[in-house]
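# What the coordinates show
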Amino acid sequence: MAILDLFDDSEEATARRRGWVGAVQRGFRADRPEDELVDRWVTHYRAERATVRGAWLPAGEFGAGPMPVATYASFDKTLNAGREVLPLRMVTDVTTSASHRRRGLLRQLIEADLADAVTSGVPVAALTASEATIYGRWGFGPATFRHGVEVDTSAGFGFRSFTDPGRVELVEPVDAWPHVRAVFDAFHARQRGSVEWPAPYEDIHTGAYDFDGGGANRKIRAAVHLGAAGAVDGFVIFKHGEKNTVAVTEMIALSPEAQLGLWSFLGNMDRVTTVTHKLSHPRDPLQWALTDLNRVRSTEIEEFLWLRVLDVPRALAARPWSGNGTVVLEVDDAQGHAAGRFEVTASAGGAEVVRTERAPEVRLTAETLGALYLGGVPVAQLHRAGRLDGEEDAVRRFAEMADLAEPPYCLTGF
Ligand SMILES: CC(C)(COP(=O)(O)OP(=O)(O)OC[C@H]1O[C@@H](n2cnc3c(N)ncnc32)[C@H](O)[C@@H]1OP(=O)(O)O)[C@@H](O)C(=O)NCCC(=O)NCCS
């Protein structure tokens, strides 16, 4: 197990970095990396001050070389927890070679990183997962969900009463970027569940580099929404596909008018009959604004952001609470970081959270705590599923305190 030095430019370190990126590509069944991918990866991870871990076979062993048999990277950015924007350990590039799987390599890498996050005072860790069966054992729970929609924009698509008080302009993605970034930053500051964009987002949204295909991404288009006063308050990045379709890759609006204005722009493009969006807001107003609500079809709901609470008092005090009351929680955590009993006293939308010796009223695992942390799932539903225990009245009290009216929303994949 070793940590790469991203700033060592010796031949050996450079070869190891290249080998590491090659192993990530192999783990995700992608092509061998071209030089530009490796260069961009190094630039981004240097900018993030990322910790890049891996497991290499010992020198002399058959198969040993610069390419590791397991990869794992993490860096710290921020999560909007609802009342506070918290430091967040972001985990990515998790792969184990098919010839070394199920020997505990991921376990060693992730447990070392979570322990490091605790030492560094980072209260929450996050990842987006390729399979929902992997990370619960390390206390990660699915905290936000991805809502996919397909909108029929063929003849007849129209709004009941909406008229855009502003307007939409198509702009080259590279020129749109400062506006895109500013809208995202405003969104991140106000949206519970939002995770700060990692460094590659600029390459992705300007089309400077296509991490899937290599080279520049010449397909993406960008449009910004300007409110009545002329300020940019939303954007959409999209690409045209087969059979008169448009796929939205990113859309953020800072007001309902901007949201509907962008949908109106997308829905009224000539010769476009279907618009898809895999990360639409769970409460997007579009469906209720159209003359025909069946024009919006839900295509998928999947877990998206996985969260792992590391510092229970700090994390729980940073989220909103809806009702007043006190409950004693007992958290069971295989790694120990969130383990213990905590008295949560909620009032005026916030909570005071302290360790206690009092008898527990509600018992749950770290994984379940991660799932309910942002309010993405009601307490009663978790209780009915057998994911948390307690007397009916204690669970009801906890639900009244912890359930939140508005769902969390995260757009950041990493
Ligand atoms: C997921 C992956 C990294 C696991 O690596 P690994 O080194 O084999 O994992 P470990 O040996 O440390 O496994 C630790 C535990 O997780 C379990 N586990 C690992 N991968 C799992 C999976 N895909 N589904 C369910 N359980 C899994 C193991 O069974 C083991 O359980 P146990 O401790 O109860 O016995 C590896 O399978 C992989 O590279 N997959 C392809 C790329 C990928 O999907 N990466 C994840 C990106 S989010």
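Being a predicted model, the structure only gives us computed values, none of them experimental.

### Considerations on the environment of V309
- Considering the arrangement of structural elements, one finds V309 in strand β14 (residues 305-309).
- As a C-alpha pair, V309 and A371 span 62 residues in sequence and 9.7 Å in three-dimensional space.
- Here V309 is in contact with V124, A315, A338, A366, L369, G370 and Y373, once residues within four sequence places are set aside.

### Here we look at the pairing of strand β2 (residues 51-55)
- Buried residues dominate β2, accounting for 5 of its 5 residues.
- Side chains T51, R53 and A55 project from β2 onto one buried face, and the interleaved V52 and G54 project onto a second face that is buried too.
- In terms of strand pairing, strand β1 (residues 2-3) meets β2 through 2 bridges, oriented antiparallel. Each bridged residue has a counterpart across the sheet, and for A2 the counterpart in β2 is G54.
- Inspection of the sheet shows β2 paired to strand β3 (residues 70-80) by 5 bridges, in the antiparallel sense. Note on β3: the bridge partner recorded for R53 is Y72.

### Thoughts on the domain arrangement of the chain
- Here the domain parsing of the chain yields domain 1 (2-122), domain 2 (146-300) and domain 3 (311-402).
- Computed over C-alpha atoms only, the centres of domain 2 and domain 3 are separated by 36 Å.

### Quick word on the nonpolar core
- V124, A126, F235, V236, L307 and V309 are the most contacted members of the largest nonpolar core, which totals 115 residues.
- With residues up to four places along the chain from it excluded, the contact list for V124 reads L79, L86, L88, L307, R308, V309, L310 and A315.

### What to know about helix α6 (residues 256-267)
- When the terminal C-alpha atoms of α6 are compared, their 16 Å separation across 12 residues agrees well with the 16 Å that a helix rising 1.5 Å per residue should span.
- Among the 12 residues of α6, 10 are classified as buried, and the element is accordingly described as predominantly covered.
- Of all the positions in α6, only E257, A258, Q259, L260, G261, L262, W263, S264, L266 and G267 are classed as buried.

### Things to note about the packing of helix α1 (residues 11-27) against helix α2 (residues 35-48)
- Where α1 contacts α2, the axes come no closer than 10 Å and their chain directions differ by 105°. In terms of their interaxial angle, α1 and α2 are classed as roughly perpendicular. For the pair α1 and α2, contact is made by R17, R18 and V21 and by L37, V38, W41 and V42, respectively.
- Residue composition of the contact of α1 with α2, by class: 5 nonpolar, no polar and 2 charged.

### Re the pairing of strand β16 (residues 340-347)
- Pairing analysis gives 7 bridges linking strand β15 (residues 325-332) to β16, with the strands arranged antiparallel. Along β16, the bridge assignment pairs L329 with F342.
- In the sheet, β16 pairs with strand β17 (residues 350-355) via 6 bridges, with the strands oriented antiparallel. Pairing of A346 across the sheet is with A351, part of β17.
- What sits between β16 and β17 in their antiparallel hairpin is a turn of 2 residues, with A348 showing a positive phi close to 50°.

### Some remarks on α1
- In this model, α1 (17 residues) spans 24 Å end to end at C-alpha, consistent with the 24 Å of a helix rising 1.5 Å per residue.
- When we look at burial in α1, the residues that qualify are R16, R17, G19, W20, V21, A23, V24, Q25 and G27.
- Close packing links the buried residues of α1 with α2, β2, β3 and β4 (85-96).
- Looking one or two residues beyond α1, the residue adopting positive phi is R29, at roughly 60°.

Reading the values: rules and limits
Residues numbered from 1 in each chain as written. Predicted model: local features only at pLDDT ≥ 70, side-chain atom pairs only at ≥ 80, totals over all residues. Helix = DSSP H or I, 4+ residues; strand = E, 2+ residues; numbered from the N terminus. Contact = placed C-beta atoms within 7 Å. Buried ≥ 20, exposed ≤ 12 C-beta atoms within 10 Å, placed from the backbone. Pairing = 2+ DSSP bridges. Domains from an automatic or database assignment. Core = buried A, V, L, I, M, F, W, Y, C linked by C-beta atoms within 7 Å. Expected span 1.5 Å × (residues − 1). Axes fitted to C-alpha atoms, helices over the stretch in contact; angles between N-to-C directions. Parallel < 35°, antiparallel > 145°, perpendicular 65-115°, else oblique. Nonpolar A, V, L, I, M, F, W, Y, C, P; charged D, E, K, R; others polar.

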